[in-house]
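For reference, the chains in residue letters:
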Amino acid sequence: MRESACEGIVMSMGNEVRLGIVGIGGMGSYHVATAPLIRNCRLAAVCDIVPEKMEAAGDGVKKFADSADLIRSGEVDAVLIATPHYFHTTIGIDAMQNGLHVLTEKPISVHKADCERLISAHRGSGQVFAAMFNQRTDPHYQRIRRLVKSGDLGEIRRVNWVITDWFRTEAYYASGGWRATWRGEGGGVLLNQCPHNLDLLQWICGVPSRIEAHCGFGKYHQIEVEDEVTAYLEYPNGATGVFVTTTGESPGTNRLEISGDRGKVVYESGTIRFTRTESEVPHFRATSPEAFGTPSMWNCEIPVGGYGGQHKEVLQNFVDAILEGCELVAPAPEGIHSVEMANAMLLSAWTYAPVGLPLDGALYERALKDKIEKSTFSKGEVKAATVDMAKSF
C-alpha cells in the first residue's frame, strides 16, 4: 500500500482503485454490474446482510456480511455506499475514519444533523468524498447552470419546477420493509427521488432562505411518508419559486422554468428554450413610455445531446479523483443542501408554518424522532418486485 498526501489515507499500488460496494439492493446491484466498465477500477469486495444478493459479483470478489469487516479488511481503497439511507451516515463515517475514500448514494444522510456528522468525518482533500448525484452529468442541466451563473439571465426573479414524473407503484413500496417509513427511510419522494432535483435546484439557483410546503402523506400509496409535495420558496434577493413533485401521478411532467431580469429559460421534453430580452426588464419597466409595452426579445432553442454518463460517469470521476486528483462532479459535502431543503419542506408541512434556512438541524432531528416514536404504521408483507433500474433514472 502507499499513502496519499493526506496522512493515513491509503490507495492501492499502481494505477488501480480497489472498490467495495456496501448494499447490493436495486442500486447496489446496478453498481456491481457497471463497475467492470470503469477504467482503473476493480470491484474487490461487496457487502450485504442477504448472502444471495452478493452472488452476482462473482467468485473473484470478496464477500462480507458486515460493513465494518469490509472496511477493515485491507481489501479495498474506496467504498460505494448503496444501503438504506440512515446507514449512509454511520457506514460513511466508519469508512472515512479508517482511511477509505467514500462515494455515497443520495441522499448523503436523512437529515441535516447527520449530514454534519458525516461531513465532519471527512479528513481533507487527500480523501475523496463524493455523492452519486448522477443528474449533474446531464448536458441540459449543465447548460442551464452555465446560463444562470454567467449572468445571461440577469438576476433570478422566479423559478418553477414541476417534477411529477417520478411515478412509483405499490409494488415498489412493498419491495422493501425499510421503504417509505420514517424509521427505515426517513421520508418519501423528497428523500428518495427528489434529492436529485433539490440538488440541481440549489446547484443552479442557490439555496432559498425560506420554505413553506404542503405535503400529502400516503395520499396515493399505502405508506406513511410524503408522496406529494407543493412548496413555496423565497430567496435572499427576493426571488420566489414553486417546487411540485409526486410519485402518484401519471403521465408526469418535468418542466423547469427560470426567469430573470434578462429573460427566461424553460427546460421540458428534452428541449431548452431561451428567451432573451434586448434590455433589462427593470430598466424597461421604469423608463418605457408605453402603457402596454414589453421589451423586444429574441427566442432560441439551445441544442443539447441526450443524457450524460449518469452513474457510470460519477463513478469514473470518483476513481479519477482518487488516482489523478480530478475535480469531482458532485462533492459530497454539497449534498447537505438538498437534505436541508427536504427537511425544511417536511418540517413546514408538519408544523403548518414557514421554515427559515439555515435550518436548525437539531430541531428537525427531534421532530423526526418524534414521528418515528409515535408511528403506528404497519408496513405489511414485503414482496419481491420486478426491477429494471434503467427505468428509474
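Scroll up to find the structure.
Residues numbered from 1 in each chain as written. Predicted model: local features only at pLDDT ≥ 70, side-chain atom pairs only at ≥ 80, totals over all residues. Heavy atoms only, no water.

## Description of the nonpolar core
To keep it simple, the criterion reads: In this description, a nonpolar core means a group of buried Ala, Val, Leu, Ile, Met, Phe, Trp, Tyr and Cys residues linked to one another through side-chain atoms lying within 4.5 Å. To sort residues, take the accessible area from a 1.4 Å probe on protein chains only and compare it with the maximum for the residue type: under 20% means buried, over 50% means exposed, and anything in between is partly exposed. Only runs of H or I of at least four residues qualify as helices and only runs of E of at least two qualify as strands under DSSP, and these elements are numbered from the N terminus. Any two residues whose heavy atoms approach within 4.5 Å at even a single point are treated as in contact.
Within the largest apolar cluster, 59 residues are counted, with the highest numbers of intra-cluster contacts made by Leu190, Phe243, Leu256, Ile258 and Met345. If one sorts the elements of this core by residue count, helix α11 (residues 335–351) sits on top with 8 residues. Excluding residues that lie within four positions of it along the chain, Ile258 makes contacts with Ile144, Val148, Leu153, Ile156, Arg158, Val159, Ile204, Cys205, Gly263, Lys264 and Val265. Val17, Leu19, Phe318 and Val319 belong to the second largest nonpolar core, which has 28 residues in total.

## A closer look at the packing of aromatic side chains
How we decide: Any two rings among Phe, Tyr and Trp, with Trp reduced to its six-membered ring, count as a pair given centres within 6.5 Å; such a pair is stacked if its planes are under 30 degrees apart, edge-to-face if over 60, and tilted if neither. As a reminder, the over-ring test applies to NZ of lysine and CZ of arginine, requiring each to be within 6 Å of the ring centre and within 35 degrees of the ring normal.
Tallying each qualifying case throughout the model produces 8 aromatic pairs. For the pair Tyr172 and Tyr173, a centre-to-centre distance of 5.0 Å together with 80° between the ring planes defines the contact as edge-to-face. For Tyr173, a relative accessible area of 4% corresponds to the buried category. Over the face of the ring belonging to Tyr172 we find Arg168, whose NZ or CZ atom lies 5.3 Å from the ring centre.

## Quick notes on the environment of Arg123
As for its position among the elements, Arg123 is in the loop between α4 (112–120) and β8 (129–131). The spacing of Arg123 and Gln97 is 26 residues in sequence and 7.8 Å in space, taken between C-alpha atoms.

## Comments concerning α11
Going by this rule: A helix is expected to span 1.5 Å for every residue after the first.
Here α11 spans 25 Å end to end across 17 residues, near enough to the 24 Å set by a 1.5 Å rise per residue. Counting buried positions along α11 yields 15 of 17 residues, so the element is predominantly enclosed. Where α11 terminates, the next one or two residues include Tyr352, which has phi positive at roughly 55°.

## A look at the pairing of strand β13 (residues 254–260)
Every regular strand shows the same layout, with side chains that alternate between the two sheet faces. Cut-off, in case you're wondering: Between any two strands, pairing holds if DSSP finds at least two bridges.
Taking burial as the measure, the 7 residues of β13 include 6 buried ones, the bulk of the element. Examined bridge by bridge, strand β9 (residues 156–163) and β13 share 7 bridges and lie antiparallel to one another. Directly across from Val159, in β13, lies its bridge partner Ile258. Where β13 lies against strand β14 (residues 263–268), 6 bridges are found, and the strand directions are antiparallel. Bridging across to β14, Ile258 finds its partner in Val265. Turn length for the β13-β14 hairpin, with the two strands adjacent in sequence and antiparallel, is 2 residues.

## A closer look at the packing of helix α5 (residues 139–150) against helix α8 (residues 195–205)
For clarity, the cut-off: Axis definition: a line fit to C-alpha positions, over the contact stretch in the case of helices; interaxial angles, taken between N-to-C directions, run 0 to 180 degrees. Angle categories: roughly parallel below 35 degrees, roughly antiparallel above 145, roughly perpendicular from 65 to 115, and oblique for all the rest. Residues are grouped as follows: nonpolar covers Ala, Val, Leu, Ile, Met, Phe, Trp, Tyr, Cys and Pro; charged covers Asp, Glu, Lys and Arg; every other residue, Gly included, is treated as polar.
Where α5 contacts α8, the axes come no closer than 8 Å and their chain directions differ by 30°. For the element pair α5 / α8, the angle class is roughly parallel. Side by side, α5 and α8 meet where Tyr141, Gln142, Ile144, Arg145, Val148 and Lys149 of the first sit next to Leu200, Trp203 and Ile204 of the second. Across the contact of α5 with α8, the residue classes tally to 6 nonpolar, 1 polar and 2 charged.

## A closer look at the pairing of strand β3 (residues 17–22)
Here is the rule we go by: Call a crossover right-handed when, viewed with both strands pointing away from you, the route from the first strand across the helix to the second goes clockwise.
Of all 6 residues in β3, 6 are buried; the element is thus mostly enclosed. Neither face of β3 is left uncovered, since the one carrying Val17, Leu19 and Ile21 and the one carrying Arg18, Gly20 and Val22 both have all their residues buried. As paired elements, β3 and strand β4 (residues 41–47) share 6 bridges and run parallel to each other. Counted as the bridge partner of Arg18 is Arg42 from β4. Each parallel crossover has a hand, and the one from β3 via helix α1 (residues 26–34) to β4 is right-handed.

## Describing the sheet that holds strand β7 (residues 101–104)
Spatially, β5-β4-β3-β6-β7-β8 is the arrangement adopted by the 6 strands of the open sheet, whose pairing is parallel. Looking at strand neighbours, the two that pair on one side only are β5 (62–64) and β8, the edges of this open sheet. With strand direction ignored, the average angle separating the axes of adjacent strands in the sheet is 25°. Helix-sheet contacts for α1 involve β3, β4 and β6 (78–81), and the interaxial angle to β3 is about 155°. On the sheet, helix α10 (residues 310–324) packs against β3, β4, β6, β7 and β8 and is oriented at approximately 165° with respect to β7.

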